[in-house]
Structure formats: structure tokens, C-alpha cells
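# Commentary on secondary and tertiary structure
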Amino acid sequence: YGADEHYPDDTEHQAYLDAPRAVSPSRHMAISSALNSFALTLAQDIVENRCKGKLIYAGGDDVMALVAVDDLLACLSLLRAAYGGLPVPAPLATTLQLDLEGLQLGGGHAVLDGKLLRLMGERATASAGAVIAHHSAPLGAVLRSLRQAEKRAKNRGGRDAFAITLLKRGGGATELTLPWRLTDAPTLEDSPMQALAALTRLFAGDDTSRKAAYVTQGWLPHLPSAAQMPREELQALVTRNLAYQIKRQSAGDLVAEAQAPLLADKLASVAFHPRLGDTSPAETVRDVLAVAEFLACESRALKDR
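In short, a report on the structure. (Residues numbered from 1 in each chain as written. Predicted model: local features only at pLDDT ≥ 70, side-chain atom pairs only at ≥ 80, totals over all residues. Heavy atoms only, no water.)

## Section: the packing of helix H9 (residues 231-248) against helix H10 (residues 254-271)
Threshold: Axes here mean lines fitted to C-alpha atoms, for a helix over just the part in contact, with angles spanning 0 to 180 degrees between N-to-C directions. Secondary structure elements follow DSSP: runs of H or I no shorter than four residues count as helices, runs of E no shorter than two count as strands, and numbering proceeds from the N terminus. Note on convention: near helix rotated counterclockwise from far helix by under a right angle means a left-handed crossing. Clockwise means right-handed. We call two residues in contact when some of their heavy atoms are within 4.5 Å.
Direction vectors running N to C along H9 and H10 enclose 145°, while the axes themselves pass 8 Å from each other. In this structure, the crossing between H9 and H10 has a hand that is right-handed. Across the interface between the two elements, Arg 231, Gln 235, Val 238, Thr 239, Leu 242, Ala 243, Ile 246 and Lys 247 from H9 touch Ala 256, Glu 257, Ala 260, Pro 261, Leu 263, Ala 264, Asp 265, Leu 267, Ala 268, Ser 269 and Ala 271 from H10.

Quick look at the structure:
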């Protein structure tokens with residue numbers, strides 16, 4: 001400590017001074033303790049007690065589970081927050097109706113039923129892949145899609161993203177990949193998951209027709225290109241059209257109409273965010289709406305049974 005101040009011109013030892021410190025045994029123990037807390041305690045509690053799921057495997061930072069489709073987004077969000085010990089933002093918890101009774105997350109730690117658990121820390125990254133498939137779909141094909149979704153989250157999402165693959169019974173697939181966070185801040189505030197969850201909840205309600213998703217997907221391919229219109233103007237155009245379609249399909253529901261501009265702005269902000277790289281904003285909007293509409297449809301079907 002302070003060697004660089006005592007020897008400012010000592011270029012011979014500068015490489016040594018700039019080298020990262022060796023990992024100590026205590027750091028290894030801390031990481032092992034955090035992974036054990038997540039895999040052996042929190043993963044099962046979240047999947048089986050707080051969501052309608054069944055844990056198949058949990059070891060270290062790897063988790064595999066079967067989850068009911070209407071709890072998929074909630075399960076993904078809780079597992080992500082639990083891995084790093086991130087506080088769950090109130091809007092996300094409310095939208096997903098998360099069960100947080102007896103569980104507190106934040107500061108890289110968790111308190112579960114009064115027991116303090118060390119976790120991987122708020123700056124830890126986590127990639128999650130999920131596949132939505134019919135129960136009669138071949139398991140081998142579903143598992144291959146699951147591995148591909150996980151790779152997509154790591155490669156296209158910068159190793160801190162979630163990827164959802166929707167396998168349709170009639171053939172074809174929708175592949176959605178979004179980062180967990182749009183900034184480097186150690187929080188899930190304004191996560192793209194919030195936009196997906198809010199749209200799903202809106203379409204799952206009785207007052208908003210899912211036709212808004214179909215109509216929007218119809219005009220998205222006809223958007224001007226980046227060469228024809230500045231990116232800021234194109235984002236504003238998408239925002240206005242999204243808000244118009246949501247309002248139009250809300251059957252006069254005042255709450256849905258009030259939410260329309262906010263939801264449209266949030267989705268457009270996600271789609272046009274620089275962190276999504278070369279991904280087409282139109283494709284992002286299309287895939288978010290497709291996944292949200294399908295999850296809403298399934299949620300309605302389960303609710304009516």
C-alpha cells in the first residue's frame with residue numbers, strides 16, 4: 001500500500017504494482033458460502049414454496065426447474081435477485097405479485113425466516129434461459145432449446161441477461177433475449193423484465209384485448225429504417241403507435257388507457273437502448289409482445305379453469 005506514491009518513477013516494478021492481488025483462501029470460502037446459500041437454500045424455497053414449480057437440480061450457480069407458465073417471470077426474477085442479493089423493486093414485486101413473506105433481499109445478502117445468508121453480491125452477473133413448451137413436446141428437443149437459450153443469454157446478453165424461447169405447437173419459435181439491467185447500477189430498478197411483466201399483466205386482464213399485440217406486429221415490419229429516420233424520431237414514432245394501439249384495445253378502461261403511454265415508452269426505451277447492441281428495435285418489440293401475449297393467454301386459461 002502506497003508503493004506507487006513512494007516510487008512514482010519506478011517503471012521496473014510498475015507491472016508488479018499494477019497486478020491484481022492473488023485470491024486468498026478466505027475469498028474462496030466466501031464465494032463457496034454464497035453459492036451454497038443460493039443453491040441449497042434459496043433456490044428450492046423460491047421454486048417450490050414461492051412459485052408453482054419443481055426443482056430438478058441446484059448446485060453452485062446452476063439451477064434447473066420446471067415452473068408453471070403463469071409463474072415463469074416471477075420465478076426468473078426472484079432467482080436473479082436471490083443470486084446476487086439484489087433488492088426487489090416495489091413495482092416489479094407488485095406487477096409479478098411476488099411472494100416475499102419471510103424473505104428480504106439486498107446488500108448482497110438475504111434474510112430467510114430470520115436467518116442471514118451471504119450471496120454473490122450486487123455486481124454479480126447471472127444468465128438465465130427458459131423454454132415455454134407444450135407438455136407433449138419431445139423432451140430432448142426442449143432441452144436442446146433450453147441450452148441454446150442459456151447460450152443466447154450469455155453471448156447476446158453480455159452474461160447478465162435472460163432469454164425466453166417460446167416453442168409453438170404449430171411450429172416455429174419466438175426467441176426473446178433481454179439484459180437484466182440497462183445500466184451498471186447494482187439494482188433491478190427499471191429492468192426490461194418490468195416492461196415484459198407489465199405488458200403480460202395488461203393483456204391478462206379482462207379489459208384489454210390481446211389484439212393490440214397482433215396489430216402492432218403487423219405494422220412493425222413497415223417501420224422506416226435508421227437510414228431513413230433519425231433514431232430518436234423513430235423511437236418516438238414507435239412509442240406513439242404502441243400507446244395508440246394499447247388505448248384502442250382497452251375497451252374504454254381508464255386504468256389501461258392511463259398506463260398505455262407509460263408502457264409504450266418503457267418498451268420503446270428498452271428496444272432502442274444501446275445495451276441491446278445490433279438487435280433490431282422492431283424485432284425486440286415484436287418478440288416482447290409475442291411472449292407477453294402468450295403468457296397472458298395461458299394465465300387467462302389457467303384462471304378460468
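Back to the text.
## So, the packing of aromatic side chains
This is how the line gets drawn: The pairing test for Phe, Tyr and Trp rings, Trp by its six-membered ring, is centres within 6.5 Å, and the orientation test on the planes gives stacked under 30 degrees, edge-to-face over 60, and tilted for anything in between. Using a 1.4 Å probe on the protein chains alone, a residue whose accessible area is under 20% of its type maximum counts as buried, one over 50% counts as exposed, and one in between counts as partly exposed.
Overall, the coordinates contain 2 aromatic pairs when judged by the stated rule. Pairing Phe 38 with Tyr 83 gives two aromatic rings, centres 5.3 Å apart and planes at 85°, and the pair type is edge-to-face. Note that Phe 38 is positioned in helix H3 (residues 25-50) and Tyr 83 in helix H4 (residues 72-84), a separation of 45 residues in sequence. For the pair shown, Phe 38 and Tyr 83 are each scored as buried.

## Focus on helix H7 (residues 192-204)
Applied cut-off: For a helix, the expected span equals 1.5 Å multiplied by the number of residues minus one.
Under the 1.5 Å per step criterion, the end-to-end length of H7 is 19 Å for 13 residues, consistent within 8% with the ideal 18 Å. In terms of burial, H7 is a largely internal element, 12 of the 13 residues being buried.

## Observations regarding the pattern of salt bridges
Rules: Definition used for salt bridges: Asp or Glu carboxyl oxygen within 4 Å of a side-chain nitrogen of Lys or Arg.
The tally for this structure, following the rule as stated, stands at 11 salt bridges. Three or more residues are tied together by salt bridges with common partners; here these are Asp 45, Arg 50 and Asp 99.

## Brief notes about a nonpolar patch on the surface
Operational definition: Each patch is built from salt-bridge-free residues with over 30% relative accessible area, joining like charges within 9 Å and nonpolar side chains (Val, Leu, Ile, Met, Phe, Trp, Tyr) within 5 Å. Each accessible area is a Shrake-Rupley result for a 1.4 Å probe, and residues are judged covered by the shown protein chains and nothing else.
A grouping of Ile 56, Tyr 57, Met 64 and Leu 66 is seen on the molecular surface, where their side chains present a nonpolar patch of about 410 Å² in accessible area. Put simply, the parts of the chain that give the nonpolar patch at least two residues each are strand S1 (53-59) and strand S2 (62-67). Summarising the element assignment, Tyr 57 is placed in strand S1. The partly exposed category is assigned to Tyr 57, whose relative accessible area is 47%.

## A word on the environment of Thr 94
Here Thr 94 shows up in helix H5 (residues 90-96). Separated by 76 residues in sequence, Thr 94 and Gly 170 place their C-alpha atoms 34 Å apart.

## Let's talk about the environment of Pro 221
With respect to the helices and strands, Pro 221 occurs in the loop between helix H8 (211-219) and H9. Judged by relative accessible area, which is 62%, Pro 221 ranks as exposed. Expressed as a C-alpha distance, the spacing of Pro 221 and Ser 26, which sit 195 residues apart in the sequence, is 55 Å.

## Here we look at the sheet that holds strand S3 (residues 103-106)
Stated formally: In this scheme, strands are said to pair when DSSP sees at least two bridges between them.
Taken in spatial order, the 3 strands of this open sheet run S3-S4-S5, and their pairing is antiparallel. Looking at which strands have only one partner, the edges of the open sheet turn out to be S3 and strand S5 (115-118). On average, adjacent strands in this sheet sit at an angle of 15° to one another, irrespective of strand direction. Two elements, S3 and strand S4 (residues 109-112), share 4 bridges in a ladder whose sense is antiparallel. The residue bridging Gly 106 from the neighbouring strand is His 109, located in S4. Docked against the sheet, H3 engages S3, S4 and S5, running at close to 120° with respect to S5.

Coordinates in, geometry out; function isn't part of it.
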